[in-house]
Amino acid sequence: MLFVVAPAVLSDFRLNLLGKFLCFAIVAVGIGLAWGRGGMLTLGQGVFFGLGAYMMAMHMKLADAEIRSGAGALPDFMQLGGQRDLPGFWLPFTSPFATLLMIMTIPPLLALLLGMGIFKRRVKGAYFAILSQALAAAFAILLISQQNTLGGSNGISYFRTWFGFTLNDPVNKQMLYFIAAGTLLVVMLITRQLMNSRYGELLVAVRDQEERVRFLGYDPANIKLVAYVVAALWASIAGALFVPIVGIITPQDVGVLASIAFIIGVAIGGRTTLLGPVLGAIAVAWAQTTLSEQFPSAWTYAQGALFVLVVGFLPGGIASLFLLRRRKKQKEGIS
Amino acid sequence: MDVLASQLFTGLSIGSILLLIALGLSLTFGQMGVINMAHGEFIMAGSYTAFVVQQVISSAGVSLFVSLIVGFCVGGVMGVVLEATLLKRMYHRPLDTLLVTFGVGLILQQVARDIFGAPAVNVATPEFLRGNIEVLGVVLTKSRLFILILAIVCVAILAAALKYTSMGRRIRAVVQNRDLAEVSGISSRRTDITTFFIGSGLAGVAGVALTLIGSTSPTIGQSYIVDAFLVVIAGGLGQIRGAVIAAFALGVLHAVIEYSTTASIAKVLVFVAIIIFLQVRPQGLVSVKTRSLA
């Protein structure tokens, strides 16, 4: 349906919007794995999303500058800010290959380091949630302070090309949508394999009875780490796709609020399932776009109410309704 | 040297506000396993209380002391309402309480925006708190000194109440072992409500105090809540002593790093420092010895 129906039915604008929602859905798959299956409530996925997005944005900005005024030129916002030389950490992003490599490696590495610091010392669930949130807060503040090197609170925007493709071209926009849809599919397949494997069972076991798993000879920290690192990788990839599709990345997209907003879609769809987070994320992003345009304050109320109602009264999300019904039917069948 | 000393003092005053906020969080987290993200909005409620009280009472000095009391009650009542309607259903699901109270916080922020408007409002500082005084060659802002004293007084009262009154003994009993306390005839339900009232009330007081050093906006709570939670983590659950040391340490550490680098780098470094600290003491600075495995 994503590949055939949506491109045929939707206008270019709507298709682009759907592409953006698909990016959120990719993040949601990772959160579903870490939170739903692993019990790790990560409130800082915005950090990994942001890292991927900013790395991609830096590469695109450099490519633009090179087309416009030759090799070694500075991106436009730096010239406006009075920056003379390219900051050192921008240099690797001139190469498209290095950029992709870093998008795939740096956020998972950060997740690995942070996870080691937290899980290995058996710091408990709620502590982890708060620490991940503090990381998101610190990350956003750091980005805002980098006015001359990372665009500050305005973020990085105005891109013309993406790996040599002109972004204004509708054909290329469709191509981007297909890439996002394809990535989502691949991400879901890999996550499904993980969930159904022996590892997936261990992860659920750690969530429900960490001590028992430890007594069986496994190290729960390592099991948690894998899920957290995978979730970070998905978020980073989603961020890297978000930038060419949406055309801007700002600290607001990666801060505390954005990070927690990722959670609500996952919670609504059903955190323990595979498809639930995807559908939930798309539904919430769609509702936010349509509602907040017309009634900005109503959306905030709705978002708050959703958190209260879903988490408080329907912890399994919408998916649990279906699961309940299926179980009921099975019972009836038996009797 | 003088600059460093005054920076230290700023750190102490930030620490004292963090302390007022973290005490409530730590009490409710330690006792009920509730992570109250709406605590930040109780701070905001305290700040707006000060604003409203000042509309009624024109004398800034009187209004400050009235707001401190009213702010405590406003925060406390909000906390009790939240506890009675939502949180009592979800004990020992800390992750879920975090998300639910975050939703409540979002709603409260929007309510404030609809009532008071999005732009920040200002509360006049009383005459006797304006200006500076000099102690041993170091210039201290009077309002920040007042906040420091306020925090110390609050902590002293709370510590004394926990230690010497029967209510305090009940609270400590429930924190240490809820089941055993219930068996001993303590109504844990009533104790929970009392704790929530005190903890949220302290957030209200912190909100009033904040009006002395800055303006009040609907998102004022957001800028303190994350740091306050870090204090709770570093200090150890439900431990006043831990919260006091952690709050001042964090405030001073932040101010000193900020002095040599920038505010944003300081935030990141403080975060890294806490992660490193947790490698040494995963349970926080002060922790009750238990035989539990977790």
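Residues numbered from 1 in each chain as written. Chains lettered and ligands numbered in written order. Predicted model: local features only at pLDDT ≥ 70, side-chain atom pairs only at ≥ 80, totals over all residues. Heavy atoms only, no water.

- Under an unreviewed UniProt entry, chain B has the name Urea ABC superfamily ATP binding cassette transporter, membrane protein and belongs to Hoyosella subflava.
- Looking at the Sequence similarities (unreviewed entry) heading of the UniProt record, one finds this comment for chain B: "Belongs to the binding-protein-dependent transport system permease family. LivHM subfamily."
- Quoted verbatim from the Subcellular location (unreviewed entry) heading of the UniProt record, the comment on chain B is "Cell membrane". (UniProt positions renumbered as here; feature names shortened; annotations may be inferred.)

## A few points about the packing of aromatic side chains
Residues and elements named next belong to chain A.
And step 1. Scanning the model with the defined rule gives 19 aromatic pairs over all chains in all.
And step 2. An angle of 35° between the planes, with centres 5.8 Å apart, marks the rings of Phe24 and Phe242 as tilted. Residue Phe24 is located in helix H2 (residues 12-37), and its partner Phe242 is located in helix H11 (residues 220-246); the two are separated by 218 residues in the primary sequence.
And step 3. Between Phe119 and Tyr228, the ring centres sit 6.0 Å apart and the planes meet at 85°, which makes this aromatic pair edge-to-face. (Phe/Tyr/Trp six-rings, centres within 6.5 Å; stacked < 30°, edge-to-face > 60°. Helix = DSSP H or I, 4+ residues; strand = E, 2+ residues; numbered from the N terminus.)

## Here's the deal with the pairing of strand S2 (residues 138-141) of chain B
Each regular strand carries side chains that alternate between the two faces of the sheet.
Residue and element names in this part refer to chain B.
And step 1. What you see with S2 is a clean split: Val138 and Leu140 sit on the buried side and Val139 and Thr141 on the side with no burial.
And step 2. Here strand S1 (residues 132-135) pairs with S2 via four bridges, running antiparallel. Residue pairing across strands places Ile133 opposite Leu140, the latter belonging to S2.
And step 3. Hairpin connection from S1 to S2: two residues lie between these consecutive antiparallel strands, with Leu136 at a positive phi of about 50°. (Buried < 20%, exposed > 50% of the residue type's maximum accessible area, 1.4 Å probe, protein only. Pairing = 2+ DSSP bridges.)

## A closer look at the UniProt feature "transmembrane region" (unreviewed entry) in chain B
And step 1. Following the UniProt record, one finds the feature "transmembrane region" (unreviewed entry) at residues 12-30, 64-82, 94-112, 145-162, 196-216, 228-253 and 265-282 of chain B.
And step 2. Across residues 145-162 of chain B, helical content stands at 100% and strand content at 0%; the span's end C-alpha atoms are separated by 26 Å.

## Structural notes on H2(A)
The α-helix advances 3.6 residues per turn, and as a result positions three or four apart in sequence lie on the same side.
Residue and element names in this part refer to chain A.
And step 1. Helix length check: H2 (26 residues) gives 36 Å between terminal C-alpha atoms against 38 Å at 1.5 Å per residue, within 8%.
And step 2. A bend of about 30° at Ile31 is the largest found in H2.
And step 3. Most of H2 sits inside the fold, with 20 of its 26 residues counted as buried.
And step 4. The positive-phi residue at the C-terminal boundary of H2 is Gly39, with phi of around 75°. (Expected span 1.5 Å × (residues − 1). Bend = angle between axes of the 7 residues up to and from the residue.)

## Points about the nonpolar core
And step 1. A:Phe49, A:Leu131, A:Ile156, A:Ile249 and B:Leu99 are the most contacted members of the largest nonpolar core, which has 201 residues in total.
And step 2. Here this core takes 19 residues from H11(A), the largest share from any one element.
And step 3. Residues in contact with A:Ile156, not counting those within four places in the same chain, are A:Tyr54, A:Ala57, A:Met58, A:Lys61, A:Phe77, A:Trp90, A:Leu150, A:Gly247, A:Ile248 and A:Ile249. (Core = buried A, V, L, I, M, F, W, Y, C linked by side-chain atoms within 4.5 Å. Contact = heavy atoms within 4.5 Å.)

## Remarks on the packing of helix H9 (residues 198-208) of chain A against H11(A)
Residues and elements named next belong to chain A.
And step 1. Contact geometry of H9 with H11 gives a least axis separation of 10 Å together with a crossing angle of 115°. As far as their axial angle goes, H11 and H9 are roughly perpendicular. The crossing of H9 and H11 is left-handed. Contact residues: Tyr199, Leu202, Leu203 and Val206 in H9; Pro220, Ile223, Lys224, Val226 and Ala227 in H11. (Axes fitted to C-alpha atoms, helices over the stretch in contact; angles between N-to-C directions. Parallel < 35°, antiparallel > 145°, perpendicular 65-115°, else oblique. Left-handed = near helix turned anticlockwise from the far one by under 90°.)

## Some points on unusual backbone geometry
Residues and elements named next belong to chain A.
And step 1. We note that Arg122 has phi near 55°; this positive angle belongs to a residue other than glycine.
And step 2. One can find Arg122 in the loop between helix H5 (96-119) and helix H6 (125-145).
And step 3. Looking at Arg122, the relative accessible area reads 42%, which means it is partly exposed.
And step 4. Even without glycine at this site, Tyr158 takes up a positive phi of about 60°.
And step 5. Among the secondary structure elements, Tyr158 is positioned in the loop between strand S1 (156-157) and strand S2 (161-162).

## Considerations on the environment of B:Phe9
All names here are of chain B.
And step 1. Structurally, Phe9 can be placed in helix H1 (residues 2-32).
And step 2. The class of Phe9 is buried, set by a relative accessible area of 8%.
And step 3. With 131 residues separating them in the primary sequence, Phe9 and Leu140 have C-alpha atoms 7.4 Å apart.

## Structural notes on the environment of A:Leu225
And step 1. Positionally, A:Leu225 belongs in helix H11.
And step 2. With near-sequence residues (within four places) excluded, A:Leu225 lies in contact with A:Ala111, A:Leu112, A:Gly115, A:Met116 and A:Phe119.

## Structural notes on the interface of chain B and chain A
And step 1. Chain B puts 40 residues into the contact, and the matching count from chain A is 43 residues.
And step 2. Summing both sides of the interface, chain B and chain A together bury roughly 3,800 Å²; the carbon and sulfur share of this comes to 78%.
And step 3. Taken as a group, B:Leu95, B:Leu99 and B:Phe271 account for 16% of the area that chain B buries against chain A, more than any other trio of residues on that side.
And step 4. Between chain B and chain A we count one salt bridge in total.
And step 5. Measuring nitrogen to oxygen at the nearest pair gives 3.5 Å for the salt bridge that ties B:Asp96 to A:Arg271.
And step 6. The interface formed by chain B and chain A holds six residue pairs in polar contact (both at pLDDT 80 or more) in total.
And step 7. Top contributing element to the side of chain B that touches chain A by residue count: helix H4 (residues 94-116) of chain B, with 14 residues. (Buried area = accessible area lost by both parts, 1.4 Å probe. Salt bridge = Lys/Arg side-chain N within 4 Å of Asp/Glu carboxyl O. Polar contact = N/O pair within 3.5 Å; in protein donor to acceptor, adjacent residues only side chain to side chain.)

## Section: the pattern of salt bridges
Where charged atoms from two side chains of opposite charge approach closely, those side chains can pair.
And step 1. Inspection of every chain in the model, using the stated rule, returns twelve salt bridges over all chains.
And step 2. Of the charged contacts in the structure, one is a salt bridge between A:Asp76 and A:Lys61, with a shortest N-O distance of 3.3 Å. Of this pair, A:Asp76 sits in helix H4 (residues 76-81) while A:Lys61 is found in helix H3 (residues 45-69), placing the two residues 15 residues apart along the sequence.
And step 3. Under the relative-accessibility criterion, A:Asp76 is labelled partly exposed at 24%.
And step 4. Residue A:Lys61 is classed as buried on the basis of its relative accessible area of 3%.
And step 5. For the salt bridge of B:Arg130 with B:Glu127, the shortest nitrogen-to-oxygen distance reads 3.3 Å.
And step 6. By relative accessible area, which is 43% here, B:Arg130 ends up partly exposed.
And step 7. In this structure, a network of salt bridges that share partners links the residues A:Glu210, A:Glu211, A:Arg214 and A:Lys224.

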